[in-house]
Amino acid sequence: MTEQEYINEQIKLSAQIQLDNTVILPQVHSVVGVDLAYWKEEDGQEYAVCCIVVIDYYTKAVLESVSHADIINVPYIPGCLAFREIPLFLQAYQKVTVLPDVLFFDGNGYLHPRHTGLATHAGILIQKPTVGIAKSYHRIAGADFVMPANVERAYTDIEINGECYGRVLRTHVNVKPVFLSVGNAVDIETAMQMTNHMITKESHVPVPTRLADLMTHEKRKVMIQKELIEEKAESAPR
């Protein structure tokens, strides 16, 4: 597909976004964190691993963790990153046995030029409430954000043409804020309430995405070491 074809797909997808909240907080029990990590082999082939960690919303105990690694064939196109990551996410998600109530993605959702970041794209496909948590902001339509006060839980909204695309949330004092956006089937207030609930002293991002991030580093390291061992075995004299 060409870049324009990917963009056209996103425009079609954006018509399916559900912005009304469907999350009833007292009924939330399990929450998922999703993250991906990339690497390249010596032959230049690009790979990625998607890790999913399911936690208990109240105790924050890990209920399940799964992963899926594969070759990446979709080129990197700014604004179309989800097309590279959705196939791996769907493969990993099929392995989940503890079905979650809400999924948190290390990345964007509605905070995207066409409102179709990974969290939104995935939420529409699996028909689940999703939230995007990004650690950095990529400017949309030249719009900057206002840094929230250096106070825990302070926030400012990123508004473009009068519409709220996302929220800049300070989860800890003297720590960089995170960029929160709805994915699908949840509103920004509920997404922020859940995010604040899952912040700990050890991390300025929610527990599930932090655990998924740590898992991607471990899995990537294992996969790289495995490839090196296999290469040495193939090159060894017989």
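How each quantity is defined
- Residues numbered from 1 in each chain as written.
- Predicted model: local features only at pLDDT ≥ 70, side-chain atom pairs only at ≥ 80, totals over all residues.
- Heavy atoms only, no water.
- Disulfide = S-S within 2.5 Å.
- Buried < 20%, exposed > 50% of the residue type's maximum accessible area, 1.4 Å probe, protein only.
- Helix = DSSP H or I, 4+ residues; strand = E, 2+ residues; numbered from the N terminus.
- Contact = heavy atoms within 4.5 Å.
- 1 Å grid on protein atoms, 1.4 Å probe; cavity = no way out; pocket = protein on both sides within 12 Å on 5 of 7 lines; lining within 4 Å.
- Points joined across faces, edges and corners; volume = space filled by probe spheres on them.
- Nonpolar A, V, L, I, M, F, W, Y, C, P; charged D, E, K, R; others polar.

Quick notes on the state of the cysteines
Here is step 1 of the chain: Going through the model one piece at a time under the given rule, you end up with zero disulfides.
Here is step 2 of the chain: The thiol of Cys51 is unpaired, and the distance to the nearest cysteine sulfur, on Cys50, comes to 6.7 Å.
Here is step 3 of the chain: Using a relative accessible area of 0% as the deciding quantity, one classes Cys51 as buried.

Here we look at the environment of Ala119
Here is step 1 of the chain: Tracing the backbone shows Ala119 in helix α3 (residues 118-126).
Here is step 2 of the chain: Sequence spacing of Ala119 and Gly132 is 13 residues, and the spatial spacing of their C-alpha atoms is 5.3 Å.
Here is step 3 of the chain: Setting aside its immediate chain neighbours within four residues, Ala119 contacts Phe105, Asn108, Gly109, Thr130, Val131, Gly132 and Gly183.

Digging into the layout of surface pockets
Empty space among the atoms becomes visible once a probe the size of a water molecule is rolled across them.
Here is step 1 of the chain: Taken as a whole, the largest pocket spans an internal volume of roughly 680 Å³.
Here is step 2 of the chain: Around the largest pocket sit 27 residues that line it, and Tyr76, Leu81, Gly107, Asn108 and His138 are the ones nearest its centre.
Here is step 3 of the chain: Those elements that place two or more of their residues in the lining of the largest pocket are β1 (30-40) and α2 (82-93).
Here is step 4 of the chain: Examining the composition of the lining of the largest pocket, we find that four residues originate from one element, β1, more than from any other.
Here is step 5 of the chain: Here the lining of the largest pocket is built from residues that sort into 13 nonpolar, eight polar and six charged.

Note that all results are geometric; they support no functional claim without further evidence.
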